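Below are the chains, spelled out letter by letter.
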Amino acid sequence: MAVIKREGVYKDLMEVGWFNWLVKRRGLQFTLQFIGLAAFGVIVYAGFFGTPAGGENVASTFTWLIWWTLIPVTMLVAARVWCLICPWIAPGEWLQRLTFWQKGKRTLCLNLKVPRFMRNFWLMLVFFLILHWADASFHLALFPETTVYLALGMFAIAIVISLIFEKRSFCKYFCPIGAIIAPYSLVAPIELRNKDPEVCRSCKTRDCFKGNEKGYACPMMTHPYDFNIDERGYAPCRVACPAGVNSDGYIALISEGKFKEAFELHKQTMPFAGVCGRVCTHPCETHCERAKVDEPVSIRGLKRFMADYGLSLNGEKPTPIEKTKEDKVAIIGSGPAGLACAYDLIRQGYPVTVFEAAPKAGGLLRYGIPEYRLPKEILDNEISYIEELGVEIKIHTPVKDLGNMFNQGYKAVFLGIGAGTSQKMSIPNEDAKGIIHALDFLKQVGSGEKVELGNRVGIIGGGNAAIDAARLALRLGVKEVSIIYRRSRAEMPAIRTEVEEAEREGVKIHFLAAPVRILTEDNRLTGIQCIRMELGAPDADGRRRPIPIEGSEFNMNLDNVIIAIGQQVNGAMVLKELEYTDWGTIAADPLTRQTSIEAVFAGGDVVAGPADVIGAIADGKEAAISIERYLSGVDLKEGRSPIRRVEELSPEPLEVKSRSVMPVCELAKRGSFNEVELGFKEKTAIDEARRCWQCGVGSDGIDRNTHCVLCTECVKTCPNDNISINIRKPFHDIFKKGMGFLRTRDITLSLSVIAIVLLGVIPFHNLEMTVAYTSLEGNLAGGLGIPQMIIRTAAFLMMGVIAVSIFWGFSSLARWRAGDTQYSTKHIFIWFALAFIPLAISLHVAHNYFHLLEEGAVIIPNLSDPFGFGWNLFGTAGASVTILSSNLISIFQFLTVGLGFLASGYVLYRLPLNMFKERVQAFRTMIPMVVLLIGLVTFYLWVLTIPMAMRF
Ligand code: FAD
């Protein structure tokens, strides 16, 4: 999940010298694997030919010893350290890469993706455990070579899978041991963390999961610091955001009611949540997968909610960041591009100074976008945050000489000077009285200056500036406001919702019309002559070109005209030393944002031309990476490829749920400069966030806890030495979640785990007794009674019903408490009641059984059938009952019960994907406890078989 603050229990294992030394030497891993392989060979030999110490059965004993002691115990102590030495995967891995000591370039692997339907196969072990419980081990103990065949089969499968599929697919999807390993890492005391999230965030090399010359990269393709990257790529919303904001991350946190955490997560990428939550052009929403089914998630609305929440906390001021670097950086222009660049650089310890020509910082955010869309308080708050971190902003300081910057000791310069000059129309009388350019108009109003307008105002243009100017004119008391735009509504570049609101407020839009002449009397505007247009073929930017319709001219009487046809770079502010494009913008490398001067970088509108806020922020961030690299002497381009989108999303059919509507101020109350959009309330925000499909995580996506194999490849490959392995208290995560049960949905996790463990044990125990009782009864009656197999299957099903019912009960309770209107007390009652029915039955049977014991029955395990339920009973009747009497019955049981469990397994496999769709996380937390329980009990029973097995 998001970066979680480390608790006191964490101790960095990498700080332990010898461990650090061992981890960084990949030879160690291979040495251990050789030993593992040698041991494996001995077992195979013993399995076929026996040993001087005993018969072939030694192989079985030895294998099961490893299986049930070594692996579970090492897992508890050291999570998946087993995987480091796993003998099964080693040959496949070596063949796959054609090398085993260093990272190799050649490979035999076909690199195919594992088909989706074959994933989650690790659940195999759960079935295997149950199978084992149901006599399979008895069979294996009788026929030791079966064990060897099993082990060799796994070996062969591992090799084949490795050669066909991409890296470590065997581990990830097919290894039955992985079923134990994955859940164990939830409770294991060792885990992987990044030391400083910020270093990871700004690194961008992704060496840790792509690999480099130092190592292979993450075998599980997990990003060690971020939860929403999986082998399928990043969520589309995140990929679409030019600034790479982790939207699916903060949305997931909002959906859990973790608003503060969501806000903090957002700050890791950039500081403008309040600004972007209001004015962002939200490409993330355009690419939201949900739009394919109903409507995109209101990502911008959620961002605004989270930012407002953060602001309402009125938290402590941030601690200024220590300037650890010596090289000073100058940023020219305090628009979003400049400030984003400053924010990223100060967090890396660089002394940063921002030079701003205007009286206040913010660029067009302050002097362009009007107050009713972006209150100055929000902007001021976010700029103050950047200043509090240590960025110095010098206002009233226009920079006209770049050389002077270097003379003042700055080692690198970022230019974010925007395109803050209105474009001219180049038609006669453009300077007549009554004509004003949009940016001047917006700037004057934004600075509190008085602007006189007549009753009829025409605005020429179709971008955000045109719409803002029109709505602003209405607020200044203008009676008739018309927009003249030469293309159709579909081509209008302004934000769609803003256009709709403008029309609701009374702005009239004349589409497919363009001014040809300005009408004046004594150089005073009286109106404009327009011509109607039609759309022709698309032009260079893909929009259809408007073509004038001859003879369609018409006049409009107007008192003022506001020209809003675009902006350009201010010629007076241009820094002569640089190279420019034909459009008058600064020429900069699209990847690094480096200009024609080595130490000068540029971004935002001054490079792109008039664009948008998020694009400017993205430029600032990329330039910050380049400046960091430039000052550290690192190649500017290496490893900077765009992040990969999840390739294929085939969401299971989901219920259609429409998008939450952003509440807006009533029309009658909009006369002032009050904000029009009002923002979501808490409940709406949670509901809206829960609409998110979390494409980047998905049901078979990455969960850091369950997918990391602790192979330490990332530790080796990290270029910043920023990944550590930590020791935590065992069961830390689960207890932590349990402690938080009073907090909304955490109750789902904590209580369901406790319930499953407690109540799961009781019926299991009782059901065994049911079998014993039945056996005794059957014996007393002179026969076998009810076939044991049916009872076992019933027992299994009963346990499943109890577990699922209780899980659903607590889940419903949690949702009901969290205010989810879809859940009522009725649901909770129903689920718990369902759970109690089988519980009551088993308790009743147990009661009868105890009654029998009181009569003098004694129970001891039957060593010839240790894994089954065929207990010997010596009681009042003095008889012994062994249900399993022949191998034939055993094989029959093996097959029938196996098939039953396969069917159940299929249901289990579907459960997390469908029925528990939204509860996957909770379900995952439950699984390890169940597996742990079954594993330990099975191990206990197995120990009882050793003397028996050795006797064969
Ligand atoms: P700017 O924001 O223009 O900042 C440049 C700064 O550099 C200014 O403060 C300027 O004073 C300063 N400067 C210039 N030269 C010098 C110099 N020589 N020395 C020192 N300082 C200097 N985008 C959206 O995403 N959503 C919207 O809803 C939206 N609405 C808009 C509405 C209007 C009316 C306008 C005009 C634009 C709108 N935009 C919108 C676009 C967005 O505001 C810009 O794309 C963005 O602000 C560009 O950021 P920037 O940092 O490149 O430049």
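Here, every reference points to the structure presented above.
Throughout this description, residue numbers start from 1 for each chain and increase along the sequence as written. Local features in a predicted model are, by the rule used here, given only for residues with pLDDT of at least 70; side-chain atom pairs are given and counted only at 80 or more, and totals for whole chains, interfaces and linings are based on all residues. The side-chain numbers reported here are obtained from all heavy atoms of the structure, hydrogens and water having been left aside.

Pulling in residues and values, what's your account of the overall build of the protein chain?
Each helix and strand in the protein chain was counted, giving 35 helices and 21 strands. Counting the 952 residues in the protein chain, one finds 55% classified as buried. What makes two residues a contact is simply this: any of their non-hydrogen atoms within 4.5 Å. Sequence-distant contacts in the protein chain: of pairs separated by 6 or more residues, those separated by 24 or more amount to 75%. Where accessible areas are quoted, they stem from the Shrake-Rupley method and a 1.4 Å probe; at the residue level, only the protein chains shown are allowed to cover. About 41300 Å² of surface is accessible on the protein chain, with carbon and sulfur atoms providing 62% of the total. Under the DSSP-based scheme used, a helix requires at least four consecutive residues in state H or I and a strand at least two consecutive residues in state E, with every element numbered from the N terminus. In this scheme, a residue with accessible area under 20% of its type's maximum is buried, one over 50% is exposed, and one in between is partly exposed, where area comes from a 1.4 Å probe on protein chains only.

Lay out the site of the ligand in plain terms, naming residues and giving numbers.
We call a residue near a molecule or strand when any one of its heavy atoms sits within 4 Å of it. Taken together, 36 residues are adjacent to the ligand, and V279, E356, R373, D605 and V613 come closest. Contacts described as polar in this section are N or O atom pairs within 3.5 Å, which, within protein, must combine one atom able to donate a hydrogen with one able to accept it, while residues neighboring in sequence count only if both atoms come from side chains. With respect to the ligand, the backbone of V279 contributes an N or O atom lying 2.6 Å from a nitrogen atom. Between the ligand and A611 there is a distance of 3.3 Å, counted from an oxygen atom to a backbone nitrogen or oxygen. Look at the ligand: alone it shows 1000 Å² of surface, and the protein chains cover 95% of it. Those elements giving two or more residues to the shell around the ligand turn out to be helix 18 (336–346), helix 22 (438–446), helix 23 (464–475) and helix 26 (613–632). The leading source of residues in the shell around the ligand is helix 23, at 3 residues. Here the residues of the shell around the ligand sort into 19 nonpolar, 12 polar and 5 charged. The residue classification treats Ala, Val, Leu, Ile, Met, Phe, Trp, Tyr, Cys and Pro as nonpolar and Asp, Glu, Lys and Arg as charged. All others, Gly included, are polar.

Please give an account of the sheet that holds strand 8 (residues 435–437) that cites residues and values.
Ordered in space as 8-16-9-10-11, the 5 strands form an open sheet in which the pairing is parallel. What marks the edges here is a single partner per strand, and that holds for strand 8 and strand 11 (508–510). Each neighbouring strand pair of the sheet contributes to a mean axis angle of 25°, computed without reference to strand direction. Two strands pair when backbone bridges link them, and strand 9 (residues 456–460) and strand 16 (residues 560–563) are joined in this way by 4 bridges, in the parallel orientation. For V457, the partnering residue across the bridge sits in strand 16 and is N560. Running at roughly 170° to strand 10 (residues 480–484), helix 23 makes contact with strand 9, strand 10 and strand 16 of the sheet. At least two bridges found by DSSP between two strands are what make those strands a pair. Only the contacting stretch of a helix is used when fitting its axis, a line to C-alpha atoms as for every element, and angles between N-to-C directions run 0 to 180 degrees.

Explain unusual backbone geometry to me, using residue names and the numbers behind them.
One non-glycine residue, L512, adopts positive backbone phi at about 50°. Tracing the backbone shows L512 in the loop between strand 11 and strand 12 (513–521). Positive phi values are uncommon outside glycine, yet N523 reaches one of about 60°. Following the sequence through the fold, N523 ends up in the loop between strand 12 and strand 13 (524–538). Of the residues examined, N523 reaches a relative accessible area of 45% and is grouped as partly exposed.

Let's hear about the environment of P538: which residues, and what values?
Tracing the chain through its elements places P538 in strand 13. For P538, the contacting residues outside a window of four places in its chain are R543, R544 and R545.

Can you break down helix 23 residue by residue, with the values?
Residues spaced three or four apart along an α-helix face the same direction, because each turn holds 3.6 residues. Multiplying 1.5 Å by the helix residue count minus one yields the expected span of that helix. Counted at 1.5 Å a residue, the expected span for helix 23 with its 12 residues is 16 Å, and the 16 Å between its end C-alpha atoms agrees. Burial of helix 23 is extensive: 11 of the 12 residues sit out of reach of the surface. Within helix 23, burial applies to A465, A466, I467, D468, A469, A470, R471, L472, A473, L474 and R475. Packed against the buried residues of helix 23 are helix 22, strand 9, strand 10, helix 24 (496–505), strand 16 and strand 17 (567–568). Positioned one or two residues after helix 23, G477 has a phi angle of 100°, which is positive.

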